[in-house]
Every structure is written in C-alpha cells, then in structure tokens.
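Examination of the molecular architecture
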Amino acid sequence: SRQEKGVTGIEVVDEMLHACKEKFAEAEKKNPWFQSEDVRLVKGDALHLPIEDSSIDVAAQNCLFNIFKHDDLKKALQEMYRVLKPHGRLVLSDPTCEQKIPENLREDEHLRALCLSGSLSIKDYIKMITDVGFGTVEVIAKGPYRILDTAKYETD
C-alpha cells in the first residue's frame, strides 16, 4: 500500500465527524498553514481500528483508560499496538488515581463518561500498557486533575 502522510482521526460518533469537518473549514480560513486534506477522518472505534497493521508512526488518545472497562481497555491497547510501526510511539493522556476507586463509582456510567471513575493507579496504568507489548514508558507530566466528591455517590 502507498505511504500516507498527515493525520488520521478516528471517531465513532457521526455528529463529531461532522463537527470536525466544520472546524477544519474554519481553521483553514484562520490559519494559512492548515490544510484539511492533511487530515483524514475515519469512522471507527478504538476496539476495531480501521487502520492497517504497522502503518502509524504515532498514536495518541485522551481518556481511553477511564472510559473502558478492563477487557475493552486491553483490546483498545492491543489495537494501538497493532497499528503502530516498529518503534512507533503511543501518547496517552489520562487521569490516574492514588487510591482504589470503590466499585459502585467504577460502575457509574456518568462518572465513567466524565473520565473519572475508570481511573487506575499509575502502577496499574503502566502495567496495562506493558502487558500488551509496549516497552519503555515515560511519564512526561503528572499533576492534579479533579477532585471527586464521593459523598454524593456513597451508598449505605
């Protein structure tokens, strides 16, 4: 297959794909350096990336760990590993937690959608990454994200 250059964006929600295209047109008007043809938008999801094996230099995501449950997270990481070229890089941005999140909060779909209740400890986070085959893990930045008021979610 031919070598492609640029960025490939994967999105599962049609409305988001449409919004991206609108923002691209706006970005082209405001930024002479931006060309929307450098970005390929593809409908798909993280569990079945519509991307060829070993074809991507850098894969990036935001909040993957905190939305998926364990088995789906493992599958999504395996998919990223599959599409990356040898020596490719995976760039992640996810909240992690210092203490175990209670199961009732983990199962709360609203909190999971807010990228809060699915958080893992940094140790478990790195283990998930390395268990699928990734080698060196570098933590570039770490800082406070949000404070979750667990009192309103506690059960008797």
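What you see is a predicted model, and the numbers here were worked out from it, not measured in a lab.

1. Regarding the nonpolar core
Ranked by internal contacts, the top residues of the largest apolar core, which has 22 residues, are Leu64, Phe65, Phe68, Leu73, Leu77 and Leu90. Elements with a contribution of two residues or more to this core: β3 (56–62), α2 (64–67), α3 (70–83), β4 (84–93) and α6 (122–131). By residue number, the principal contributor to this core is α3, which donates five residues. Not counting residues up to four positions away in its chain, the partners in contact with leucine 90 are Ala59, Leu77, Met80, Leu84 and Phe134. Membership of the second largest hydrophobic core comes to five residues, among which are Ile101, Leu105, Leu111 and Leu116.

2. Comments concerning the pattern of salt bridges
A side chain of one charge can pair with a side chain of the opposite charge if their charged atoms are brought near each other. In total, this model carries ten salt bridges according to the counting rule given. Here aspartate 14 makes a salt bridge to lysine 43, at a shortest N to O gap of 2.8 Å. With aspartate 14 in helix α1 (residues 14–30) and lysine 43 in strand β2 (residues 39–43), this pair connects stretches of sequence that are 29 residues apart. Exposure remark for aspartate 14: the relative accessible area of 47% places this residue in the partly exposed category. Residues glutamate 79 and arginine 82 are paired through a salt bridge, measuring 2.9 Å at the closest nitrogen-oxygen approach. Taken together, the positions of glutamate 79 and arginine 82, both in helix α3 and three residues apart, correspond to about one turn of that helix. Taking relative accessible area as the criterion, glutamate 79 reaches 8% and is therefore assigned buried.

About the criteria used
- Residues numbered from 1 in each chain as written.
- Predicted model: local features only at pLDDT ≥ 70, side-chain atom pairs only at ≥ 80, totals over all residues.
- Heavy atoms only, no water.
- Core = buried A, V, L, I, M, F, W, Y, C linked by side-chain atoms within 4.5 Å.
- Buried < 20%, exposed > 50% of the residue type's maximum accessible area, 1.4 Å probe, protein only.
- Helix = DSSP H or I, 4+ residues; strand = E, 2+ residues; numbered from the N terminus.
- Contact = heavy atoms within 4.5 Å.
- Salt bridge = Lys/Arg side-chain N within 4 Å of Asp/Glu carboxyl O.

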